[in-house]
Amino acid sequence: ILNVEQSPQSLHVQEGDSTNFTCSFPSSNFYALHWYRWETAKSPEALFVMTLNGDEKKKGRISATLNTKEGYSYLYIKGSQPEDSATYLCALFTGGGNKLTFGTGTQLKVEL
Amino acid sequence: DTGVSQNPRHKITKRGQNVTFRCDPISEHNRLYWYRQTLGQGPEFLTYFQNEAQLEKSRLLSDRFSAERPKGSFSTLEIQRTEQGDSAMYLCASSLVLSGPLNEQFFGPGTRLTVL
């Protein structure tokens, strides 16, 4: 059983703050790490798919890094806005069975 | 709308009743997945199809659960004799085989099931 962990479980920040979350995963049999953003009452939205050690990806104010040797990924949000409020999920793909193994998510609340 | 759609969005049922959910994937996607998310957990894999063939089922999928994808397009997930522990968000996702090791999956909005 794969263990994908995310921290913190929840986070409250003020508008304009920068924040970051952690996703930890077993480094063996690594194929890809996915980050999703899931707003209430909407579909989970894909943010990044990362495959290479040292990968850095950026989308607007959101960026992510990947360390496959030590088994972690960081997601950063610069200058948080209320519309960033959502649950951020990471998911590991190991190539076996084609399924994604998700972490429990980090719930972000950005307050005015 | 070319995204993944799920119906119904919400379902409230009494314990012991049968329920069926439907998922319509992105039209050219040949893989379809079902996940379940319970409170405080991330989505957990239930099963997946490639075209009409069901290729993998999780141990989470008890005998009361059955999924079909009869023509390789939409899929249904049926739960028989529902129990309170079945209360969860049921998510559907689709992907292309050609996405290879990236396995990029596109999710629907989910069906929230409440069993009273």
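Keep in mind it's a predicted model, so treat the numbers as computed, not measured. (Residues numbered from 1 in each chain as written. Chains lettered and ligands numbered in written order. Predicted model: local features only at pLDDT ≥ 70, side-chain atom pairs only at ≥ 80, totals over all residues. Heavy atoms only, no water.)

Participant: Just to check I follow, could you spell out the pairing of strand β2 (residues 10–14) of chain A for this structure?
Facilitator: Two faces make up the sheet, and in a regular strand the side chains alternate between them. All names here are of chain A. Going residue by residue along β2, you find Leu-11 and Val-13 tucked away on one face and Ser-10, His-12 and Gln-14 left uncovered on the opposite face. As paired strands, β2 and strand β11 (residues 106–111) are joined by 5 bridges and run parallel to one another. When the bridges of β11 are listed, Ser-10 appears paired with Gln-107. (Buried < 20%, exposed > 50% of the residue type's maximum accessible area, 1.4 Å probe, protein only. Helix = DSSP H or I, 4+ residues; strand = E, 2+ residues; numbered from the N terminus. Pairing = 2+ DSSP bridges.)

Participant: Help me understand the sheet that holds strand β1 (residues 5–7) of chain B in this model?
Facilitator: Residues and elements named next belong to chain B. The strand order across the open sheet formed by 4 strands is β1-β3-β8-β7, and the pairing between neighbours is antiparallel. Edge strands, defined here as strands with exactly one partner in the open sheet, are β1 and β7 (65–68). On average, each strand axis in the sheet is inclined to that of its neighbour by 15°, with strand direction left out of account. Sheet topology places β1 next to strand β3 (residues 19–24); 3 bridges connect them, and they run antiparallel. Within β3, the residue paired with Asn-7 across the bridge is Arg-22. (Axes fitted to C-alpha atoms, helices over the stretch in contact; angles between N-to-C directions.)

Participant: Looking at this model, I keep getting lost on the sheet that holds strand β1 (residues 5–7) of chain A. Mind explaining?
Facilitator: Strand-to-strand pairing in sheets goes through backbone hydrogen bonds, with the strands running parallel or antiparallel. All names here are of chain A. Taken in spatial order, the 5 strands make up an open sheet running β1-β3-β8-β7-β6, and their pairing is antiparallel. The outermost strands of the open sheet, each flanked by one partner alone, are β1 and β6 (56–59). Taken pair by pair, the neighbouring strands of this sheet meet at an average axis angle of 15°, ignoring direction. Of the strand pairs in this sheet, strand β7 (residues 62–67) and strand β8 (residues 72–77) are connected by 6 bridges, and their pairing is antiparallel. Note that in β8 the partner of Ile-62 across the bridge is Ile-77.

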